[in-house]
Amino acid sequence: MTIYPGSAFKSHRCPLFLASVTSAEEARVCVDAGVSILDAKNPRTGALGALEHNIVREIVETVRQSSKPALPVSATIGDLPLEPQLVSGAAGDMAACGVDYVKIGIGAEGDASAAIRALGCTDIGDARLVAVLFADQRPDFDLVCELSAAGFAGVMLDTAEKKSGGLRDVLSAQEIREFVSCSRDSGLLCGLAGSLKLEDISPLGAFQPDILGFRGALCLDSDRTFAIDESRIGAVRAALDALDCETATVTR
């Protein structure tokens, strides 16, 4: 299941379940538990901490040899300043690990527009780019149009400082709705993340994002640096499945 913008994506109505994993073993657990997208990330080194390339390759190989070999895998390049040459090189190196999506944080440090243009010209093979805007840094939603023009596949909202609270603590419902609408109008896949909990699923699902992303809610003691707990994956999966998405539409 390759999730690119286009007609094939219209088949889903409820948000897809993205789980951030730190190892091949966590990837294996998530595949078996019904996750939709695996996201390779190191939560010990930042909001978008990058895993070592050999670990990312192990995660990709684990998925490709699983019962769901087409399950998409994304990976973050780390919390890097927006220096065009730096982020372009990191994106190319991560794409070479065999992932489907490379995620880049569009933070407050550096020239976002210059970095976006450089990334759009970077050779990343068959991989696609996904940008991450940080809700607790008051992101400029006008960048969404620039991302679309540069050929990005999607954009997500996350939080940079996990102690600031979850996504719904730092942005109003109207701001989240505006982000989803802006992403949809720009033809980008739209994801929401940022210390999401079970109780966030229903209100965020009402905005009809394409993806909801989780890490802490899946871990022991809800600590994003702890190991993933299969029972917690099941609880999130059940909550997503319980959403009433019958009237939802995806217009890409």
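Bear in mind the structure is a predicted one, so any value in this text is a computation, not a measurement.

The rules behind each value
Residues numbered from 1 in each chain as written. Predicted model: local features only at pLDDT ≥ 70, side-chain atom pairs only at ≥ 80, totals over all residues. Heavy atoms only, no water. Helix = DSSP H or I, 4+ residues; strand = E, 2+ residues; numbered from the N terminus. Rg over C-alpha atoms; globule rule 2.2 N^0.38 Å. Buried < 20%, exposed > 50% of the residue type's maximum accessible area, 1.4 Å probe, protein only. Contact = heavy atoms within 4.5 Å. Areas by Shrake-Rupley, 256 points an atom, 1.4 Å probe, with all protein chains shown as cover. Salt bridge = Lys/Arg side-chain N within 4 Å of Asp/Glu carboxyl O. Pairing = 2+ DSSP bridges. Phe/Tyr/Trp six-rings, centres within 6.5 Å; stacked < 30°, edge-to-face > 60°. 1 Å grid on protein atoms, 1.4 Å probe; cavity = no way out; pocket = protein on both sides within 12 Å on 5 of 7 lines; lining within 4 Å. Points joined across faces, edges and corners; volume = space filled by probe spheres on them. Nonpolar A, V, L, I, M, F, W, Y, C, P; charged D, E, K, R; others polar. Right-handed = clockwise from strand over helix to strand, strands pointing away. Polar contact = N/O pair within 3.5 Å; in protein donor to acceptor, adjacent residues only side chain to side chain.

Before going further, it helps to examine the overall build of the protein. The secondary structure content of the protein amounts to nine helices and eight strands. Rg of the C-alpha trace for the protein: 16 Å, near the compact-globule value of 18 Å for 252 residues, within the 12% margin. With the principal axes as the frame, the protein shows a C-alpha extent of 40 × 40 × 40 Å. Evaluated residue by residue, the protein yields a buried proportion of 54% over its 252 residues. Taking contacts inside the protein between residues at least 6 apart in sequence as the whole, the part at least 24 apart equals 69%. Only carbon and sulfur atoms are counted for the fraction: they give 49% of the accessible area of the protein, which is about 10,600 Å².

Quick look at the pattern of salt bridges now. Using the criterion set out here, one finds nine salt bridges in the structure. Put simply, arginine 28 and glutamate 25 hold a salt bridge, and the shortest N to O gap is 2.6 Å. Of this pair, arginine 28 and glutamate 25 both sit in helix α1 (residues 24-33), three residues apart, which is roughly one turn of the helix. Residue classification places arginine 28 among the partly exposed residues on the basis of a relative accessible area of 38%. The class for glutamate 25 is partly exposed, based on a relative accessible area of 47%. Between arginine 168 and aspartate 200 there is a salt bridge, and its shortest N-O distance comes to 2.7 Å. Placement of arginine 168 in helix α6 (residues 167-170) and of aspartate 200 in helix α8 (residues 198-205) is noted, with a sequence separation of 32 residues between them. Note on arginine 168: relative accessible area 41%, which makes it partly exposed. The structure contains a network of salt bridges with shared partners spanning Asp39, Lys41 and Lys103.

A word on the pairing of strand β6 (residues 154-158). Counting buried residues in β6 gives five out of five residues, a clear majority hidden from the surface. Note that β6 and strand β7 (residues 189-192) share four bridges and pair parallel. Among the inter-strand pairings, valine 155 is bridged to a residue of β7, identified as cysteine 190.

A word on the packing of aromatic side chains. Tallying each qualifying case throughout the model produces two aromatic pairs. Look at phenylalanine 17 and phenylalanine 214: their rings are 5.6 Å apart centre to centre, the planes differ by 85°, and that puts the pair in the edge-to-face class. Of the two residues, phenylalanine 17 is situated in strand β1 (residues 16-21) and phenylalanine 214 in strand β8 (residues 211-214); the sequence distance between them amounts to 197 residues. Given the relative accessible area of 0%, phenylalanine 17 is considered buried.

Moving on, we get to empty space enclosed by the protein. If you walk through the whole model with that rule in mind, you get two cavities of 30 Å³ or more. Roughly 130 Å³ of internal volume is contained in the largest cavity. Lining the largest cavity are 15 residues, and of these Leu18, Ile37, Tyr101, Val130 and Ile211 sit closest to its centre. Elements that contribute at least two residues to the lining of the largest cavity include exactly β4 (101-106), β6 and β7. Residues that form the lining of the largest cavity fall into these classes: eleven nonpolar, three polar and one charged.

Taking every second residue as pointing to the same face, both faces of strand β2 (residues 37-40) are buried, with Ile37 and Asp39 on one and Leu38 and Ala40 on the other. For β1 and β2, the ladder comprises four bridges, and the chain directions are parallel. The residue of β2 that forms the bridge with alanine 19 is leucine 38. Between the parallel pair β1 and β2, the chain is carried across by α1, and the sense of this crossover is right-handed. In this structure, β2 lies alongside strand β3 (residues 73-76), joined through three bridges in parallel fashion. The residue bridging aspartate 39 from the neighbouring strand is serine 74, located in β3. Of the crossover connections in this fold, the one passing from β2 over helix α2 (residues 53-64) to the parallel β3 is right-handed.

On to the side chain of lysine 162, then. The topology assignment puts lysine 162 in the loop between β6 and α6. Side-chain polar atoms of lysine 162 contact the side chain of aspartate 158, separated by 2.8 Å. Here the side chain of lysine 162 touches threonine 159 through a polar contact of 2.8 Å, landing on its backbone oxygen. Not counting the four nearest positions on each side in its chain, lysine 162 is found in contact with Ala47, Gly194, Ser195 and Arg224.

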